[in-house]
Amino acid sequence: MSQGREREEVPADASATVSATVSATVSATASATASASAHYSGTSLSVRWVQGFPSQNVHFVNDKTICYPSGNYVIFINLETKKKTVLQCINGIVGVVATNVPGEVVAFSDRRLKPVIYIYSFPSLTRKNKLKGDILLDYTLLCFSYCGTYLASYSSLPEFELTLWNWEANVILCKKSNPGMDISQMSFNPMNWHQMCLSSSSTVSVWTIERSNQEHHFRIRLVKLPLEDGTFLNETDVLFPTSLPKDLIYGPVLPLSAIAGLVGEEAETFRPKDDIYPLLHPTMHCWTPSSDLYVGCEEGHLLMINTETLKVTVLQKVEEFPVLDGAQLINPLTLAYQKDGLLASGIDGVIYSFIIKDSKYQVKTFLEFDGPVAHLVFSPSYKMLLIQTDKGSAYIYTFGAESPLDKLLDASDGKVQAVSFITPDTKHFLTLTSSGEVSVLSVEDCNCTGRIFLRTQATALACSPSSQSAAVGTMNGYVYFLNTLDEESPQLIHRAFLSQSPVKILTYDQRGIFLLVGTEEGNIFVIDARPSKSFQIFGFTETSKDILQISTVSVVESDVVEVLVMSPLPDVGRTRLEYFTLPVLLPQVVPENFSDERGRLKDDFTHKYLYEVEHMLSSAVLAFLGSKIYGFCSQVPYICSYVMPVKEHTGILVLKPSQKVQSKQYGPGTIHISSHGLWLMTIASCGILCIRDIFSLETFVRCRSHSHQARGIQNMKMSMDGQHILVNGKDDNTLVYLKWKRLGANIASEIFEHSHQLSLSLSKTIETENEYLASLKDSQNVQQGVPEESQMKMSSESSEEELVNSKTIPWIQQKMEEAIKNEVKIFTPRRKEIKRGIKELAQIIAMMMEENEKVDVIAKLEEHEFCLDADELERLHDECEDEVLKIRKDVEMHNLAKTYLTELIKEECWNSMVVKGRALKCFHIPYVVDNFPMKERTEEELLELSKVMEQRKIEIECLKLRREIVEVQSTASMIKKHHEEDEEEEDEEKVVKTTSLPNYLLGSLSTDFGADTSLLTNQLQLHSREEKINQIILLKDIIYNIKKTFNCEFDAAYKQKEIEIARVKEKNVRIAEIISDLELDETVWQPVFEDSEMPERALVVEDDEVSFKKYIPPWQKDKSEVTLSYGQERLRQARISDARQRGLMDMMGGVLEVKKEDILRMVIPQPPFMAKPDALWSEDERKQFKEYEKKVKELNEERDKYRKSLEAELKKLQNSIQENTQNFDEHLKRLFERRVKAEMVINQEELKINNIVYSLLLDEELSSREQFLNNYLLKKQEEKTKTSEAIQKAREDLDVFKEHHDFLVAEDKILDRSFKKEFSEISGHQVDILYKLFKRRPRVHKQKTQADVTTLVPYGDRPGSVKLNKENFAQLMKSMDELDNINNMPEGLDPSVWERFCATRRAKVENEYKVKQKAACLLEMTMFLRKRMEDDEAVHQEIERVFHELVRLQEEKVRFQVNLTVQILLKQGQIELENFQLILEYSDAILINKNIIEDLNSVIRTQGQKKVASMMESKDVHKGIYQIEWEHKKMEMEMEDLNQRAWDIQMLFFSRDRQKYLNEPNYENVIAIQIGIMEQTIGVIDKNHKKNVENCKKLLKKLGRYSNQKDVANFTLSCNLREELVAVSERQDICNEIGSKLTCEKIAKERYDNLMKQQKLTHISKQQAEQISILQAEVDRLRMKTFPALIPM
């Protein structure tokens, strides 16, 4: 109530007196904060209903209830009452859902990190269990077995793990990971819970669950799918292919995995791209009662899979049904099994019925829908079929009903964008989807009462508080106004085209006076909200772009509407707030007073102020009191309040937060204010709705309606009375209706009072506007009653109006055009005056430019000085400069790219070449010789080459030394006996001296080019990998040297051609002079180098190659012209002043000395008198004439002589040139032949390299194959170990369980046998009667199913669950109670005996039940053991197969290493004839049929092939003989080694302990027994030792006394000993003097005997050494004969 009082104390003109109430508001806030917790205590919200449509499959919980997930909820729908029940997931959005019909249990997972599976019972919705696994991210599939005890779950990445749960015991029975296998469907076999099927878009796998007591085991089998066309591919074994071709020349052919070098697990499934064929793509599968599988494929094929043999059958369609659109096959999206067939749906929206017989099926149409059907499922009784579309709609088809199809869920067309309540009764609300569908729904039960389709993309929705109308904003800039007076049929009454920018926000003020429309461009349009005013547009105001929110305050007492617009400033990290007011009396004001001609509202009229906040806000609202703004921070979790200053200001004012409270919500959010202004509602991406007190900003209600996984809440709406709250999710498309669960009376009265006052103030307006809307509806109803002809006319007129409206322009553009037209009318005279003045000014400037052309250069002005608009000229100049710079930059970058590419090519093909590639051409013959371009060898290559050469030299020297040792030994032994072998040894020495092989064995003619082949290894000795690599390096060096040798010859020829060309050029100078002297028309032949001979010319650009002229600046042109004119003037002046040159020209013709070459040009001048007639000549003149004739004759003779000499010289020079060039051509021709031969030799060496490389590659392939087989063997051995352990464990468990079973059976037999003994105290007759009763068992009555159900359900009686078995046992015990009744007691029996009998019989029944259960479990464990033994046997066979393959591979490897590829040079065996020799005389020829010749040739060819084959066979036989001999010797040597080893073993010391260790089977037990005996012996010995020690101590005392006595006796004896020693020494000296001579003779005789023995032994050793050397030489000779050798040809 305190809040209410504070509200009442605010004066009516609060907006005008904000400054006076700030302090009061602050104090009120402080007091409100203190009492907020007490005031709002106990308030809470609850979920009333949830509206959502299924995005996953819908499931049956029982025969009358379905469920599906939507957002954070699982929605249950009763099919009879259509009543909904909601189960909320407390940890966020619901993941996957599964149900079990017999147990009425629902399982679902959440989607948090490390998700959990929850098990709930229905209809109580109590949690039965909570399953926690090791999954990290998410579960993708859940599935119950029919018995209900087992739950299977499949997870997404990274585990891809299938887990089997016993959900009742919360135990994981078994699990298996399948990396990379993304499964789309998972199901249990309804007839056998031990089988499962998992399918994806590429695989189908059958999983078998094997059980042994409490141990469970997964067994996976993949189904081999057919090809896309339905045929089957005959796949070969990838691991051990048996159909590989045999290649007898190039070695063994290995699998593709070995060729690819794969040695790990990827080699087991490796296939090249060419061998991978597209297979069928499964979409859905379903089980049959016979435990088979039906699988539908994308390609339209229907498969039947036998789960026991995994045989796939492609069912054939009977062509009796025409498929739509001419298609041949149906692509099923979902399958549902029924008796004798399937129900399938495709993307065409048709449900087909497949009637299957054997391997064929017939198709019939069952139902048709507008869109694709995504899911089909039968009810448990198979009386109903649930049909789910891809949009989320659901239908129920009831078999046998009058109207079988019933629409259960009608999904919206698109995602819900906005919701809004229809005021004032708030019994209905509107929803808007993105596709433009507006639906009217009831608040009570969320039933759809009406719907209208706008058929356009919609963005915003708002309902008017002052009338039952609504506004819808669209993407194309329209605002549609709807009449919602009739909830069942909303109507479109008006449409306003504001701008081409999409509408972003629609907001009505609290009193419904104005409608504010915000667009993406940043314009806010103000529209009259009353329908009676035809929604008049008052104008617009411009704000910042990206408007986030528009907030209004329209209090009943106020005469203005306050508006706050929020927009972000992300560049500076701030938020802009724009505040303006709209007077309530605005509709009564003349439009010219509040807007300009363009429709823009005047700032003076709206009192606009700009504010900025120093941090980013995601939402902001305007408070009703205190000029406060509340903002939701987007980057920090805070809610702040800001106080707007009362003083007016200009520009932008920065607001500081006056109050700051943690929001306890994460992510960007939105803040709303209640209708009475005392509550703040905040929503965010976390999905939590918080309602706060506006003064303390403390949360008093908090409700999680959505999840952050679905990006939280999109928008929320609270009704005017605050009793209804609608919350819409952003991504989950779930609408939640929240209602107060507990709300205090004071709190409720506050908002009720405010809503009542607001309704009273708006009652007249609402009544007036609703009457107008009703009149509009009546007029439309009248139009609906018009006859069809008039309706057709009206429809045509409306279509014409729509066509016109489609071409209309937006309101803002209309206002702009009207303003422009008005401005044109106003300023037309002024424009004409300006145009006239511009024309006059242009004429004046033209006259000035004409005058400027006539003045002098000094006084002339430039053209740009006549430009009046210097700024425009400068701008154009700058634009030109920018364009030039841009073009220059583009050209530079283009040139730089070309230059870079040129440098790369030049570096690769020119600079890196030590020897550049060039050609050499003949002068007269069309021969061209190219050299070999060569790159410089790197330091690594040279280092490797030197290393290999040194290694080969050492190897050759070692080989020489070995041969010399062998030869010396053999020669020394054979000199004595055989003289013939000396010659052979000399020949061998000669062979050793000649280290190089002949060309036919060398395989090339490289020696012709001076190549050193002495270091090459013989082709017959290339066995190891290192030798082959060294051989390749040496061959590359030989190729390099051959190229180098030829290039030297080429360079010499090139230099020779340069000399020849210089000589020809030198001679051509003289030839040209002679030709000019002789005045001949001949041309001088001048040979030059062509571009191919001088390739460096391509890198140099000549001036004549440039097609464009060089750009010369104007100043440089002027300078060159001045320099040229000055030079010409100097030359002319020099010629004028040169008197000497003129005198020489006049006197001697410009020549000081007459040369011999000038004779041909000399002319004797005629005497001047020859111009006169002969008769007038004088004598002197006649003499002069004779002398003239004589001189002319002499000159002519000289000319003839000189001409002949010149001609002879010319011919000599030409012949010389011809001869020299021809000689060069001959030399170049020989060089050409040399080039061909060099290329042939290089190709020969490269062929050898290729052969060696191929052998290395094949060797690597063999090694890869061997390594893979070894790895595969280790893998199988590990599997063998695991299977053996599994067998051992299973056998142990079986033995233990069998003991328990036998014990129970024995107990059962004992109970049976001891019955008569136990009741021996009664008579025999009574015992017999009791025994019959003891054997009697009650009958358990099974529940009979209805006949129609049994006929509909295709699966019949399915195996029951453990729960059902317990119920049967309980029913059995209940039946036993009936047998134990006292009425069934025989007459004359004591009741105590009867009670004892009943207890005994009950124990017997319980024991029999246990035996039965144990027997079933024992059989299952036996089967489990048998399966493990079969697996072990399969692994064992695989290991044997791998061993066999390894042995075969080793044989192939040995054969490959022995069979070498040798390159041999052969002479040509054919002679080529010239063409003229084939022209013969055919007079005596005979015409023979061509077929005879061909048959004869084929016979000859076959015989030749047979001969070659026989030769190869004989060769192989000889090889086999040699090999057998070699193996025989090898086996003899091995036999000797084995005999020696056996002898060593026999002679080996073998103690009894070792024999006992080998013979005794339980040696450890024997050792343990011996250790025990020894420990006992040691104990006894210790006791005896202690006794002996005591005895010894006693003895020591006695001996001590005795030793003292002996010391005294010894002293006396020592005195006597001295005297005896003296006597002995005297006697010894006497003896030595007598016996020394005899001793010397004895020693000399022994030495002589030793020397004789030594001589004899030395002689014997020499003889044995000679015999050993002879035998060694013979062994070496025989051993050398066994090696293969080629006989020189």
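Residues numbered from 1 in each chain as written. Predicted model: local features only at pLDDT ≥ 70, side-chain atom pairs only at ≥ 80, totals over all residues. Heavy atoms only, no water.

Engineer: Talk me through the overall build of the chain; I want residue IDs and the actual numbers.
Structural biologist: A tally of helices and strands in the chain yields 24 helices and 62 strands. The buried share among the 1689 residues of the chain stands at 37%. Within the chain, contacts between residues at least 6 apart in sequence are counted, and of these 56% link residues at least 24 apart. Accessible area of the chain: about 104,000 Å², with a carbon and sulfur share of 55%. (Helix = DSSP H or I, 4+ residues; strand = E, 2+ residues; numbered from the N terminus. Buried < 20%, exposed > 50% of the residue type's maximum accessible area, 1.4 Å probe, protein only. Contact = heavy atoms within 4.5 Å. Areas by Shrake-Rupley, 256 points an atom, 1.4 Å probe, with all protein chains shown as cover.)

Engineer: An account of a positive patch on the surface is requested, with residue identities and associated values reported.
Structural biologist: Together, Arg831, Lys832, Lys835, Arg836 and Lys839 make up a positively charged patch on the protein surface. Structurally, Lys832 is set in helix H8 (residues 811–854). (Patch = residues over 30% accessible without salt bridge, like charges linked within 9 Å, V, L, I, M, F, W, Y side chains within 5 Å. Salt bridge = Lys/Arg side-chain N within 4 Å of Asp/Glu carboxyl O. Lys, Arg positive; Asp, Glu negative; His and termini not counted. Charge placed at Lys NZ, Arg CZ, Asp CG, Glu CD.)

Engineer: Just give me the short version of the nonpolar core, but keep the residues and values in it.
Structural biologist: Leu45, Leu577, Ile629, Trp679, Leu689, Ile691 and Ile725 are the most contacted members of the largest nonpolar core, which totals 72 residues. When residues of this core are assigned to their parent elements, the largest contribution, five residues, is made by strand S53 (residues 679–684). With near-sequence residues (within four places) excluded, Ile629 lies in contact with Leu564, Leu577, Ala620, Val621, Leu622, Cys640, Ser641, Tyr642, Met644 and Leu655. Counting 46 residues, the second-largest nonpolar core is a separate cluster that includes Val295, Cys297, Val373 and Ile387. (Core = buried A, V, L, I, M, F, W, Y, C linked by side-chain atoms within 4.5 Å.)

Engineer: Before we move on, could you go through the environment of Val97 and cite the residues and values that matter?
Structural biologist: Structurally, Val97 is set in strand S6 (residues 94–100). Each C-alpha atom, one on Val97 and one on Ser109, is 6.9 Å from the other, the two residues being 12 residues apart in sequence. Setting aside residues up to four positions removed in sequence, Val97 forms contacts with Gln56, His59, Cys67, Pro69, Val106, Ala107 and Phe108.

Engineer: An account of the sheet that holds strand S26 (residues 360–368) is needed here, citing residue identities and associated values.
Structural biologist: Spatial ordering of the open sheet is given by S22-S26-S25-S24-S23, a layout of five strands whose pairing is mixed. Two strands in the sheet have a free side with no partner beyond their single neighbour: strand S22 (316–317) and strand S23 (334–338). Alignment of S22 against S26, held across two bridges, turns out to be parallel. Looking across to S26, one finds that Lys317 is bridged to Tyr361. (Pairing = 2+ DSSP bridges.)

Engineer: Talk me through unusual backbone geometry; I want residue IDs and the actual numbers.
Structural biologist: Going from Phe122 to Pro123, the amide bond is cis rather than trans, its omega being 10 degrees. Mapped onto the secondary structure, Pro123 falls in the loop between strand S8 (116–121) and strand S9 (127–132). Following Leu157, the chain continues into Pro158 via a peptide bond in cis, with omega recorded as 10 degrees. Positive phi values are uncommon outside glycine, yet Leu310 reaches one of about 60 degrees. Take Leu310: it is sitting in the loop between strand S20 (302–306) and strand S21 (312–314). Phi at Tyr382 takes a positive value of approximately 60 degrees, unusual for a residue other than glycine. Looking at the element boundaries, Tyr382 is found in the loop between strand S27 (373–378) and strand S28 (384–389).

Engineer: I'd love a proper account of the pattern of salt bridges, names of residues and values included.
Structural biologist: Evaluation of the coordinates by the stated rule reveals 47 salt bridges. Asp731 is the partner of Lys415 in a salt bridge, and the nearest nitrogen-oxygen pair spans 3.6 Å. Note that Lys415 is positioned in the loop between strand S30 (405–409) and strand S31 (416–421) and Asp731 in the loop between strand S57 (724–729) and strand S58 (735–742), a separation of 316 residues in sequence. Classification of Lys415 as partly exposed rests on a relative accessible area of 29%. A relative accessible area of 39% places Asp731 in the partly exposed class. Across the salt bridge formed by Asp731 and Arg711, the nearest N and O atoms sit 3.6 Å from each other. One end of the pair, Asp731, is in the loop between S57 and S58; the other, Arg711, is in the loop between strand S55 (699–704) and strand S56 (713–718), with 20 residues separating them in the sequence. Through salt bridges that share partners, Glu210, Arg219, Arg1428 and Asp1431 make up one connected network.

Engineer: Any details on the packing of aromatic side chains? Residues and values, ideally.
Structural biologist: Taken as a whole and assessed by the stated rule, the structure comprises 34 aromatic pairs. Their ring planes at 40 degrees and their centres at 5.6 Å tell us that Phe525 and Phe540 sit as a pair that is tilted. Taken together, the positions of Phe525 in strand S41 (residues 523–528) and Phe540 in strand S42 (residues 537–542) put the pair 15 residues apart, joining distant regions of the chain. Here Phe525 and Phe540 have matching classes, each one buried. An angle of 70 degrees between the planes, with centres 5.4 Å apart, marks the rings of Phe932 and Phe1046 as edge-to-face. (Phe/Tyr/Trp six-rings, centres within 6.5 Å; stacked < 30°, edge-to-face > 60°.)

Engineer: Tell me about the pairing of strand S46 (residues 609–613), and please be specific about residues and values.
Structural biologist: Within S46, four of the five residues are buried, which leaves the element mostly enclosed by the surrounding structure. In terms of strand pairing, S46 meets strand S50 (residues 652–655) through four bridges, oriented parallel. Looking across to S50, one finds that Leu610 is bridged to Ile652.

Engineer: Give me the sheet that holds strand S18 (residues 282–287): which residues, what numbers.
Structural biologist: Strand order in the open sheet made by the four strands is S18-S19-S20-S21, with antiparallel pairing throughout. The sheet terminates laterally at S18 and S21, the two strands that pair on one side only. Between one strand and the next, the sheet's axes are offset by a mean angle of 25 degrees, whatever the strand orientation. As paired strands, S18 and strand S19 (residues 292–297) are joined by five bridges and run antiparallel to one another. Residue His285 lies in a different strand from S19, and its bridge partner there is Val295. (Axes fitted to C-alpha atoms, helices over the stretch in contact; angles between N-to-C directions.)

Engineer: Which residues make up a negative patch on the surface, and what are the values?
Structural biologist: The grouping of Asp869, Asp871, Glu874, Asp878, Glu881, Asp882, Glu883 and Asp890 at the surface amounts to a negative patch. Here Glu874 is to be found in helix H9 (residues 870–911). A relative accessible area of 49% means that Glu874 is categorised as partly exposed.

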